[in-house]
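Listed below, chain by chain, are the residues.
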Amino acid sequence: MAAIGDISRFNSPQKLVSYFGLNPRVRQSGLGAAHHGRISKIGRSHARAMLVEAAPGPLHAFFVRIRARRGHQIAAVAVARKLTVLCWHLLTKGEDYLWARPALVAIKTRAMQLQAGHPQQKGSRRGPAYAYNIKALRDREMLIAAQAEQSYERLVTQWKPRRPKTGARAPQLGKTK
């Protein structure tokens, strides 16, 4: 959120991907074929680095699938791009991530609050981050996350790409009706 600011500045997820510099460079001259290269790296380098490091929940299965075909670095950037698109959708719709682990989110949020200088809470009242200390609850959340990853893996293994439409033709340049 600190790197993005107001999400309404970005009309589409592609604009946010471009803001972080996760979009590929495209070289094209005139009507020639476009050549796609490495990511542009134009934009917020710190936020881009954090996105490349992250692979929550079912996105880990996506990472493993891409890594098997294209390599580790390309898979990490693909996950970062997918995570950026996911963030855009969640922020514009005002929804929470479906596969978030509440106890883990609470403990990380509390750690960030303490780092930012919020006062420590004294006394016997337990805060929301306490749930992370309960092993049964933590294990249940990890099981749900593992099930989400397995369901994504099943979806991907059963995935069959659609064939291009046979009747579609590319427009011919230079001819007018």
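Please refer to the structure higher up on the page.
Only a predicted model underlies this, so the values are computations on that prediction, with no experimental measurement involved.

Reading the values: the criteria
- Per chain, residue numbering runs from 1 following the sequence as it is written.
- The model is predicted, so local features are restricted to residues of pLDDT at least 70 and side-chain atom pairs to those at 80 or more, both for listing and for counting; the totals for chains, interfaces and linings are taken over all residues.
- Neither water nor hydrogens contribute to the side-chain values; these are computed over all heavy atoms in the structure.
- Secondary structure elements follow DSSP: runs of H or I no shorter than four residues count as helices, runs of E no shorter than two count as strands, and numbering proceeds from the N terminus.
- Side-chain atoms alone can form a polar contact between residues adjacent in sequence; in general such a contact is a pair of N or O atoms within 3.5 Å, and within protein one must be able to donate a hydrogen while the other accepts it.
- Working rule for contacts: check all heavy atoms of both residues, and any pair within 4.5 Å makes them a contact.
- Any Lys or Arg side-chain nitrogen located within 4 Å of an Asp or Glu carboxyl oxygen qualifies as a salt bridge.
- Only protein chains enter the accessibility calculation, which uses a 1.4 Å probe; a residue is then buried when its area is under 20% of its type maximum, exposed when over 50%, and partly exposed in between.
- We define the nonpolar core as a collection of buried residues of types Ala, Val, Leu, Ile, Met, Phe, Trp, Tyr and Cys that are connected through side-chain atoms lying within 4.5 Å of one another.
- For a helix, the expected span equals 1.5 Å multiplied by the residue count minus one.
- Candidates for patches are residues over 30% relative accessible area with no salt bridge; among them, like charges are joined within 9 Å and nonpolar side chains (Val, Leu, Ile, Met, Phe, Trp, Tyr) within 5 Å.
- Per-residue accessibility takes into account occlusion by the displayed protein chains alone, with areas from the Shrake-Rupley method and a 1.4 Å probe.
- Note that His is not counted, nor are the chain ends; the positive residues are Lys and Arg, and the negative ones are Asp and Glu.
- Taken as the charge location is NZ of Lys, CZ of Arg, CG of Asp or CD of Glu.

Regarding the side chain of Arg-48
Mapped onto the elements, Arg-48 comes out in helix α2 (residues 45–53). In terms of polar contacts, Arg-48 uses its side chain to reach the backbone carbonyl oxygen of Lys-41, at 3.5 Å. The contact partners of Arg-48, leaving out residues within four places of it in the chain, are Phe-20, Gly-21, Leu-22, Ile-39, Lys-41, Ile-42 and Gly-43.

Section: the pattern of salt bridges
What the rule picks out here adds up to one salt bridge. Taking the shortest distance from any N to any O, the salt bridge between Lys-135 and Asp-139 comes out at 3.1 Å. Taken together, the residues span about one helical turn, with Lys-135 and Asp-139 both in helix α6 (residues 135–157) at a distance of four residues. By relative accessible area, which is 52% here, Lys-135 ends up exposed.

Let's talk about the nonpolar core
Leu-16, Phe-20 and Leu-22 are the most contacted members of the largest nonpolar core, which totals 26 residues. Mapped by element, the contributors of at least two residues to this core are α1 (13–19), α2, α3 (59–70), α4 (72–93) and α6. The element best represented in this core is α4, accounting for eight residues. Other than its neighbours up to four places away in sequence, Leu-22 contacts Val-17, Ile-39, Arg-48, Leu-51, Val-77, Ala-80, Arg-81 and Thr-84.

Section: the environment of Ala-75
For Ala-75, the position within the fold is in helix α4. Taking C-alpha positions, Ala-75 is 7.6 Å from Val-64, a pair spaced 11 residues apart along the chain. Residues in contact with Ala-75, not counting those within four places in the same chain, are Phe-63, Ile-66 and Arg-67.

A few points about α6
Since the α-helix advances by 3.6 residues per turn, residues separated by three or four positions end up pointing in the same direction. In this model, α6 (23 residues) spans 33 Å end to end at C-alpha, consistent with the 33 Å of a helix rising 1.5 Å per residue. By the burial criterion, the buried members of α6 are Glu-141, Ala-145, Ala-148, Tyr-152 and Val-156. Buried residues along α6 sit against α3 and α5 (102–115).

What to know about a positive patch on the surface
Together, Arg-25, Arg-27, Arg-38 and Lys-41 give the surface a local cluster of positive charge. Among the structural elements, Lys-41 can be located in the loop between β2 (35–39) and α2. Here Lys-41 falls in the exposed class, since its relative accessible area comes to 56%.

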